[in-house]
Amino acid sequence: MRPRTLFRLALAGTRTDLARVALTALSAALATLAGLAALTVLAIRKPPGDAWTQSEQYSNALLREPGLRGGTAFALLLLTVPVLALAGQCARLGAPARDRRLAALRLAGATPGQVTRVAMAETGLASLLGTLVGLALYLVGHRLLHRPDAQGQLPLPTDVYPAAAGALAVVLGLPVIAAVATALLLRRVTTTPFGVVRRVRTRGPWPWPGLLIIVGLAAFAAFRPVIFWYDRRHAAPPPWLLPTLLVGGGLVAMIGVVSGTGWISHTTGRLLHRHARRPAVLLAARRLMADPWMGSRTFAALLAALIFGAGAAVMSAWFEARQAAYAAGQRRFDELVGQPGVPSGEQEDFYLRTMDLVHTSVVVALVIAALGLLVAVSESVVSRRRAYAALVATGVPRGVIGRSIAWQALVPAVPAILIALAVGTLLVFGLFGRTVRDGGSTYGSCEGGPEVCDNPVTAAQHTREIVVPAVERVVHVPVGLLALYGAGALAAVLVTVGVGLLFLRPSTETTELRTA
């Protein structure tokens with residue numbers, strides 16, 4: 001198949017296919033912006049001096065301090081997780097019509113490999129279009145946002161550009177990853193001239209994701225003991241060990257939560273099927289048992305954002321406890337010495353303001369995840385319109401079908417949301433602990449005039465030791481903020497289900513029995 005023919009077949013389709021291409025391109029553009037922003041932060045040049053020399057050309061401390069740029073770039077990269085999940089949901093839009101089009105290609109003489117390449121080219125071209133648009137938006141925004149203030153400082157790193165190799169890897173790498181992911185997803189799909197056959201697993205999911213969650217929590221809990229173990233031996237840990245514990249443990253725990261939704265769906269479906277009596281609940285139970293992995297696919301981005309949000313909430317509570325412990329320790333020091341000490345709380349206030357930005361990024365991630373959830377629910381209703389139309393034709397009210405769709409979404413969502421919030425909370429508590437300690441130091445105070453204290457011989461005779469007792473503060477669980485994140489996620493599920501039900505009436509017309 002010639003490349004020109006391949007591209008023409010990849011761009012062919014109905015309005016649904018055009019909508020899928022547009023949404024995939026939008027997701028790729030958002031991911032490109034996040035990736036280029038992270039690379040721009042990492043491209044900030046270090047000024048001459050020691051490791052703590054700051055870049056004074058920026059007004060934002062997140063960019064000015066070298067030690068904070070890595071975390072800022074990592075937070076920007078985390079925003080790509082819900083965006084890529086949104087792209088995965090958009091790729092499933094209009095799947096039945098695309099299956100019929102691919103089957104028609106097989107009927108016209110295309111081989112299975114050629115059909116797979118057509119699907120890969122469709123996703124890759126849409127992603128490439130999105131990455132090019134994202135690159136153009138980045139370049140335009142880079143020029144428009146270059147506005148120094150009265151002191152000549154910049155709010156954003158618009159004076160540097162990312163490395164050409166890194167930018168090229170983002171712009172071209174995302175389409176390649178999307179095309180390869182499409183090929184991997186089509187491994188269990190056989191396109192025949194008479195339709196598309198999918199090989200699915202019929203047995204229920206195993207509860208092995210719980211083991212992944214335990215491994216992720218153990219990796220975070222082992223972070224401080226590993227540091228103490230090497231400190232006692234006056235050695236430094238290997239450079240790969242600590243990042244592996246954090247990044248690897250977080251990813252393993254996140255995979256466990258997302259994949260565990262399949263086990264939750266199957267288990268709750270069995271319980272509902274055994275004990276429920278109403279038709280809507282029974283329909284939802286059978287659907288949950290038939291396709292338990294739909295919850296993992298649908299709620300992946302939402303659960304990942306909730307894990308990150310719960311961890312950010314606990315981090316804010318930890319900084320507040322540290323600020324309280326520092327203030328209490330400073331007051332005790334002032335009482336013992338009898339003179340005011342250094343003003344406290346400025347550094348902690350900075351970290352709290354930084355966490356406010358993190359919470360804002362979590363809200364943005366939840367909104368993006370809600371968009372992906374909306375696409376998934378709408379696509380589910382449209383793709384099963386023939387089954388729903390058959391139910392309506394046999395006398396099942398549309399209200400029963402609508403309530404079954406709501407049950408099918410809410411039953412796995414509620415426990416999955418609670419588990420995600422719990423895992424995010426336990427990860428940070430395992431990393432930093434439940435208590436914050438300040439003080440516990442010994443200071444020397446010279447009691448006398450300058451003529452006494454300035455002389456080393458007499459100063460030693462008039463110096464007394466002041467022991468400042470340690471102050472501990474318990475890091476409280478931020479129940480309010482966690483409940484707010486959970487309620488927001490549940491509201492997003494309810495809203496997306498409500499919007500998806502708008503497609504129910506046109507999808508259950510009796511004419512769908514002939515056209516679907």
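Caption draft 1: Molecular detail of the overall build of the protein. Along the protein, the regular secondary structure elements total 22 helices and six strands. Across the 516 residues that make up the protein, the buried fraction comes to 42%. Across the protein, every contact between residues at least 6 apart in sequence was considered, and the portion connecting residues at least 24 apart equals 79%. If you sum the accessible surface of the protein, you get close to 27,300 Å²; carbon and sulfur atoms cover 67% of it.

Caption draft 2: Examining the nonpolar core more closely. By size, the foremost hydrophobic cluster in this structure holds 42 residues, and its most contacted members are Leu303, Leu306 and Val493. Contributing elements (two or more residues each) for this core: helix H9 (209–221), helix H10 (223–232), helix H11 (241–275), helix H14 (300–337), helix H15 (346–383), helix H17 (398–432) and helix H20 (479–500). Top contributing element to this core by residue count: H17, with nine residues. With residues up to four places along the chain from it excluded, the contact list for leucine 306 reads Leu366, Ile417, Ala420, Leu421, Tyr485 and Ala489.

Caption draft 3: Representation of unusual backbone geometry in the model. With a phi close to 55 degrees, histidine 234 is a non-glycine residue in the positive phi region. As for its position among the elements, histidine 234 is in the loop between H10 and H11. Owing to a relative accessible area of 76%, histidine 234 belongs among the exposed residues under this scheme.

Caption draft 4: Geometry of the confidence of the model for the protein. With 88% of its residues at a pLDDT of 70 or more, the protein shows a mean pLDDT of 82. Confidence drops under a pLDDT of 50 for residues 341–345, and excluding neighbours within four residues, the segment shows seven contacts in the predicted structure.

Caption draft 5: Quick peek at helix H12 (residues 279–290). End to end, H12 covers 16 Å across 12 residues, agreeing with the expected 16 Å (1.5 Å per residue, within 8%). All buried positions along H12 are accounted for by Ala280, Val281, Ala284, Ala285 and Leu288. One face of H12 carries all of its buried residues, which in axial projection span an arc of 135 degrees. Residues of H12 that are buried make contact with H11 and H17.

Caption draft 6: Inspection of the environment of glutamate 65 at higher detail. Topologically, glutamate 65 is positioned in the loop between helix H3 (61–64) and helix H4 (66–78). Sequence separation of glutamate 65 and lysine 46 is 19 residues, and the distance between their C-alpha atoms is 9.7 Å.

Caption draft 7: Representation of a nonpolar patch on the surface within the structure. The grouping of Phe74, Val247, Leu251 and Ile255 at the surface amounts to a nonpolar patch, some 380 Å² of accessible area in total. A total of three residues in the nonpolar patch trace back to one element, the largest contributor, which is H11. For phenylalanine 74, the position within the fold is in helix H4. According to the relative accessible area criterion, phenylalanine 74 is partly exposed, its value standing at 47%.

Caption draft 8: Structural detail: the packing of aromatic side chains. All chains considered together, the criterion is met by three aromatic pairs. Here the aromatic rings of tryptophan 229 and tyrosine 230 are separated by 5.0 Å at their centres, their planes lie at 85 degrees, and the arrangement is edge-to-face. Using a relative accessible area of 19% as the deciding quantity, one classes tyrosine 230 as buried. Ring centres of tryptophan 318 and phenylalanine 432 lie 4.9 Å apart, and the angle between their planes is 40 degrees; this geometry places the pair in the tilted category. In this pair, tryptophan 318 is assigned in helix H14 and phenylalanine 432 in helix H17, connecting sequence segments 114 residues apart. Tryptophan 318 sits in the buried class, given a relative accessible area of 14%. The ring of phenylalanine 429 carries the charged tip of arginine 434 above its face, separated from the ring centre by 4.7 Å.

Caption draft 9: Examining the packing of H17 against H20 more closely. Across the interface, H17 lies against H20 with an axial gap of 10 Å and an inter-helix angle of 160 degrees. Classified by the angle between their axes, H17 and H20 sit roughly antiparallel to one another. Every pair of crossing elements has a handedness; the one defined by H17 and H20 is right-handed. Side by side, H17 and H20 meet where Ala406, Ala409, Leu410, Ala413, Val414, Ile417, Leu421 and Thr425 of the first sit next to Leu482, Tyr485, Gly486, Ala489, Leu490, Val493, Leu494 and Val497 of the second. Among the residues forming the contact of H17 with H20, the class breakdown is 14 nonpolar, two polar and no charged.

Caption draft 10: Quick look at the environment of alanine 87. With respect to the secondary-structure elements, alanine 87 resides in helix H5 (residues 80–91). Through-space distance from the C-alpha of alanine 87 to that of alanine 28 is 7.2 Å; in sequence the pair is 59 residues apart.

Caption draft 11: Broad picture of the environment of valine 115. Of note, valine 115 is situated in helix H7 (residues 112–144). When the C-alpha atoms of valine 115 and arginine 101 are compared, they prove to be 9.8 Å apart, with 14 residues separating the residues in sequence.

Caption draft 12: Representation of the packing of H12 against H17. At their nearest, the axes of H12 and H17 sit 8 Å apart, and the two run at 50 degrees to each other. When the axes of H12 and H17 are compared, the pair comes out oblique. Once H12 is placed against H17, the crossing between them reads as right-handed. Packed against H12, whose contacting residues are Pro279, Ala280, Val281, Leu283, Ala284, Arg287 and Leu288, the element H17 presents Val400, Arg403, Ser404, Trp407, Gln408, Val411 and Pro412 at the interface. Looking at side-chain class alone, the contact of H12 with H17 contains 10 nonpolar, two polar and two charged residues.

Definitions and limits used
Residues numbered from 1 in each chain as written. Predicted model: local features only at pLDDT ≥ 70, side-chain atom pairs only at ≥ 80, totals over all residues. Heavy atoms only, no water. Helix = DSSP H or I, 4+ residues; strand = E, 2+ residues; numbered from the N terminus. Buried < 20%, exposed > 50% of the residue type's maximum accessible area, 1.4 Å probe, protein only. Contact = heavy atoms within 4.5 Å. Areas by Shrake-Rupley, 256 points an atom, 1.4 Å probe, with all protein chains shown as cover. Core = buried A, V, L, I, M, F, W, Y, C linked by side-chain atoms within 4.5 Å. pLDDT = per-residue confidence, 0-100. Expected span 1.5 Å × (residues − 1). Arc of directions from axis to C-beta. Patch = residues over 30% accessible without salt bridge, like charges linked within 9 Å, V, L, I, M, F, W, Y side chains within 5 Å. Salt bridge = Lys/Arg side-chain N within 4 Å of Asp/Glu carboxyl O. Phe/Tyr/Trp six-rings, centres within 6.5 Å; stacked < 30°, edge-to-face > 60°. Lys NZ or Arg CZ within 6 Å of the ring centre and 35° of its normal. Axes fitted to C-alpha atoms, helices over the stretch in contact; angles between N-to-C directions. Parallel < 35°, antiparallel > 145°, perpendicular 65-115°, else oblique. Left-handed = near helix turned anticlockwise from the far one by under 90°. Nonpolar A, V, L, I, M, F, W, Y, C, P; charged D, E, K, R; others polar.

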